[in-house]
Amino acid sequence: MAQLTILRYPDPRLHTVARPVAVVDERIRRLVDDMLETMYAADGVGLAATQVDVHEQVIVMDTSPTHDQPRVLINPEIVERSDDKSFADEGCLSVPAIYDRVERHARVKVRALGRDGEPYEFEAEGLTAVCVQHEMDHLLGKVFVEYLSPFKRERIRSKMLKKVREEQRV
């Protein structure tokens, strides 16, 4: 396994729409394993392949309190959404150290393929529902800051660009 480089907002590659995975083969399983290693090393709860510059529909996540229950979603789709919504503070490995409130569906039902290529479904609420919706947005080329006001978004963009410039000087 290997840790992958996580793209940072406002990198334009984060806006690439991911294509479906044609076949769950050894390459995809290796990608899943590398994404899990990357997510855990970055202390995250979710990671979409788009964030590591692979534009295929692959998500890994682990919202368990002990961070030892990884979940793999290949070609995920939300098949049911609750009418009720909730707000939660969201962060993102592609937008480090930035958190803000985003409104999401309170509950979702998801269908996906697992690491083994077999289909499965699950229902999610709370942090897991937020995480699924957040990561699926990445597959559509959307970053959570796009839910924020233009003013906040520009402030975050400027802060992230400044951080990149500072890191390049070191």
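Not measured: the values here are computed from a predicted model.

Colleague: Sorry if this is basic, but what is going on with the overall build of the protein chain here?
Modeller: Within the protein chain one finds three helices and seven strands. Element order for the protein chain, N to C, with α for helix and β for strand: α-β-β-β-β-β-β-β-α-α. By the compact-globule yardstick of 15 Å for 170 residues, the protein chain fits well, its C-alpha radius of gyration being 16 Å. In terms of overall dimensions, the protein chain has a C-alpha envelope of 45 × 40 × 30 Å along the principal axes. Burial statistics for the protein chain: of 170 residues in total, 45% are counted as buried. In the protein chain, of all internal contacts separated by at least 6 residues, the share reaching a separation of at least 24 is 65%. When the accessible area of the protein chain is evaluated, it comes to approximately 9,100 Å², of which 49% is carbon and sulfur surface.

Colleague: Honestly, the sheet that holds strand 6 (residues 107-113) in this entry has me stumped. Any pointers?
Modeller: Adjacent strands of a sheet pair through backbone hydrogen bonds, lying either parallel or antiparallel. Taking strand neighbours across the sheet as the criterion, the five strands line up as 1-2-3-6-7 in an open arrangement whose pairing is antiparallel. Looking at which strands have only one partner, the edges of the open sheet turn out to be strand 1 (46-48) and strand 7 (119-125). For this sheet, the mean inter-axis angle between neighbouring strands, taken without regard to orientation, is 40 degrees. Pairing analysis gives five bridges linking strand 3 (residues 71-81) to strand 6, with the strands arranged antiparallel. Its bridge partner lying in strand 6, R81 is registered against V108.

Colleague: Please explain helix 1 (residues 26-41) as it appears in this structure.
Modeller: Compared with the 22 Å implied by 1.5 Å per residue over 16 residues, the 22 Å span of helix 1 between its first and last C-alpha is a close match. Among the residues of helix 1, those classed as buried are I28, L31, V32, D33, D34, M35, L36, T38 and M39. Taken together, the buried residues of helix 1 touch strand 1, strand 2 (58-61) and strand 3. Structurally, the start of helix 1 carries an N-cap: the backbone nitrogen of R27 is 3.2 Å from a side-chain oxygen of D25. Of the residues one or two after helix 1, D43 is the one with positive phi, at around 60 degrees.

The rules behind each value
Residues numbered from 1 in each chain as written. Predicted model: local features only at pLDDT ≥ 70, side-chain atom pairs only at ≥ 80, totals over all residues. Heavy atoms only, no water. Helix = DSSP H or I, 4+ residues; strand = E, 2+ residues; numbered from the N terminus. Rg over C-alpha atoms; globule rule 2.2 N^0.38 Å. Buried < 20%, exposed > 50% of the residue type's maximum accessible area, 1.4 Å probe, protein only. Contact = heavy atoms within 4.5 Å. Areas by Shrake-Rupley, 256 points an atom, 1.4 Å probe, with all protein chains shown as cover. Pairing = 2+ DSSP bridges. Axes fitted to C-alpha atoms, helices over the stretch in contact; angles between N-to-C directions. Expected span 1.5 Å × (residues − 1). Polar contact = N/O pair within 3.5 Å; in protein donor to acceptor, adjacent residues only side chain to side chain.

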